[in-house]
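Each chain, letter by letter, is given below.
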Amino acid sequence: MPATYIDKPSDKAFGEFEARCEACKARLRQEDFLHNRGLGNEVGIYTFCYDPRLKNRARGFFDKLKADPSLPCSIREENLYDILLEICEEKHIAAAIPRREAKKGQAQMLKQLSAVASPEAFAKKIADRPNRPGDVILITGVGEVYPFMRAHNILDNIQHLFEETPVIVAYPGRFNGQTLSLFGRLCDGNYYRAFDLI
């Protein structure tokens, strides 16, 4: 029976997380990874899956990566929740969202919001930021924007935008090479063009 991440993380979960962190740092030092080589015709989109019960440890790990001067790359974080707020602010609707949700309900509010903050709008925000040689894009905030935005929708819309820049999706759940499972129990959709980072 698969774990549902309700209980406290086990020693095994902590050990697996630490091993994945070390393997991630090793990948970030590989020239083939940094230049998207050895992938055939695929774009370098990777998942860094972790037990969602370890989200604070994951956050700390990502912060350390961004500040690590020994890495031969720069980690550029793109938080999906922050992007959602940015889009809403630009459209001048952020302040009205709680009032509209109370009046029309969550389902109707999400439907209206989807027209403004579409997967394409998220992808454009990520792609429009300054991108320098040696950057690695780290996408975070996947759990915070679910179910409004699904990870596979974002990936579908960015895969043609970053042919030369590796993209890592910090994913609080599992990816088996075909299906994304958020928190280890919610089907987040199918995606076939990503690779597990480890």
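Calculation criteria
- Residues numbered from 1 in each chain as written.
- Predicted model: local features only at pLDDT ≥ 70, side-chain atom pairs only at ≥ 80, totals over all residues.
- Heavy atoms only, no water.
- Phe/Tyr/Trp six-rings, centres within 6.5 Å; stacked < 30°, edge-to-face > 60°.
- Helix = DSSP H or I, 4+ residues; strand = E, 2+ residues; numbered from the N terminus.
- Buried < 20%, exposed > 50% of the residue type's maximum accessible area, 1.4 Å probe, protein only.
- Lys NZ or Arg CZ within 6 Å of the ring centre and 35° of its normal.
- Pairing = 2+ DSSP bridges.
- Contact = heavy atoms within 4.5 Å.
- Axes fitted to C-alpha atoms, helices over the stretch in contact; angles between N-to-C directions.
- Parallel < 35°, antiparallel > 145°, perpendicular 65-115°, else oblique.
- Left-handed = near helix turned anticlockwise from the far one by under 90°.
- Nonpolar A, V, L, I, M, F, W, Y, C, P; charged D, E, K, R; others polar.
- Arc of directions from axis to C-beta.
- Polar contact = N/O pair within 3.5 Å; in protein donor to acceptor, adjacent residues only side chain to side chain.
- Core = buried A, V, L, I, M, F, W, Y, C linked by side-chain atoms within 4.5 Å.
- Salt bridge = Lys/Arg side-chain N within 4 Å of Asp/Glu carboxyl O.

Attention now goes to the packing of aromatic side chains. Counted by the stated rule, this structure contains eight aromatic pairs. Ring geometry for F17 versus F48: centroids 6.4 Å apart, planes at 75 degrees, classification edge-to-face. Taken together, the residues F17 in helix 1 (residues 11–27) and F48 in strand 1 (residues 45–49) connect sequence positions 31 residues apart. Look at F17 and you get buried, because its relative accessible area is 4%. Classification of F48 as buried rests on a relative accessible area of 1%. Consider the rings of F61 and F62, whose centres lie 5.8 Å apart with planes at 50 degrees: the pair is tilted. Judged by its relative accessible area of 9%, F61 falls in the buried class. Of the aromatic side chains, those joined through ring pairs into one cluster are F17, F48, Y50, F61 and F62. The ring of F48 has R20 lying over it, and the distance from NZ or CZ to the ring centre is 5.7 Å.

For the rest of this paragraph, the subject is the sheet that holds strand 1. A sheet is described by the order of its strands in space; here five strands give the open sequence 2-3-4-1-8, paired in parallel fashion. With one partner strand each, in any of the chains shown, strand 2 (74–79) and strand 8 (195–196) form the two edges of the open sheet. Across the sheet, helix 8 (residues 151–158) lies against strand 1, strand 3 (135–140) and strand 4 (167–171), angled at about 175 degrees from strand 4, the strand it touches most.

Packed helices, taken two at a time, are described by the angle between their axes plus the distance between the axes. It is at 9 Å that the axes of helix 7 (residues 119–128) and helix 8 come closest, and there the two elements cross at 55 degrees. Considering the angle they form, helix 7 stands oblique to helix 8. For the pair helix 7 and helix 8, the crossing hand works out as right-handed. Where helix 7 approaches helix 8, its residues P119, E120, F122 and A123 are matched on the opposing element by N153, I154, N157 and I158. Taken together, the residues of the contact of helix 7 with helix 8 break down into five nonpolar, two polar and one charged.

Turning to helix 4 (residues 80–90), a few remarks are in order. Those residues of helix 4 not exposed but buried are L80, I83, L84, I87 and C88. What you see down the axis of helix 4 is that its buried residues fit within an arc of 135 degrees, all on one side. With a side-chain oxygen lying 2.9 Å from the backbone nitrogen of Y81, the N-terminal cap of helix 4 falls on N79.

By the element assignment, E163 lies in the loop between helix 8 and strand 4. Separated by 127 residues in the primary sequence, E163 and N36 have C-alpha atoms spaced 7.8 Å apart.

Turning to the environment of L161, a few remarks are in order. Its place among the elements puts L161 in the loop between helix 8 and strand 4. Spatially, the C-alpha atoms of L161 and A127 are 6.7 Å apart, while their sequence positions differ by 34 residues. Among residues more than four places away in sequence, those in contact with L161 are A123 and A127.

Turning our attention to the nonpolar core. Formed by 32 residues in total, the largest nonpolar core has its most connected members in L80, L84, L113, F122, I139 and I158. Contributing elements (two or more residues each) for this core: strand 1, helix 4, helix 6 (106–116), helix 7, strand 3, helix 8 and strand 4. Here this core gets five residues from one element, more than from any other, and that element is helix 4. Other than its neighbours up to four places away in sequence, L80 contacts F122, I126, I139, T140, G141, V142, V145 and I154.

Going through the model one piece at a time under the given rule, you end up with 16 salt bridges. Between D51 and R53 there is a salt bridge whose closest N-O contact spans 2.5 Å. We classify D51 as buried; its relative accessible area is 10%. Linking D63 and R59 is a salt bridge whose minimum nitrogen-to-oxygen distance equals 2.9 Å. Remark: R59 and D63 occur in helix 3 (residues 55–67); sequence separation between them is four residues, near one turn of the helix. For D63, a relative accessible area of 36% translates into the label partly exposed. Residues joined by salt bridges that share partners form a network here, namely R76, E78, E86, E90, K125 and R129.

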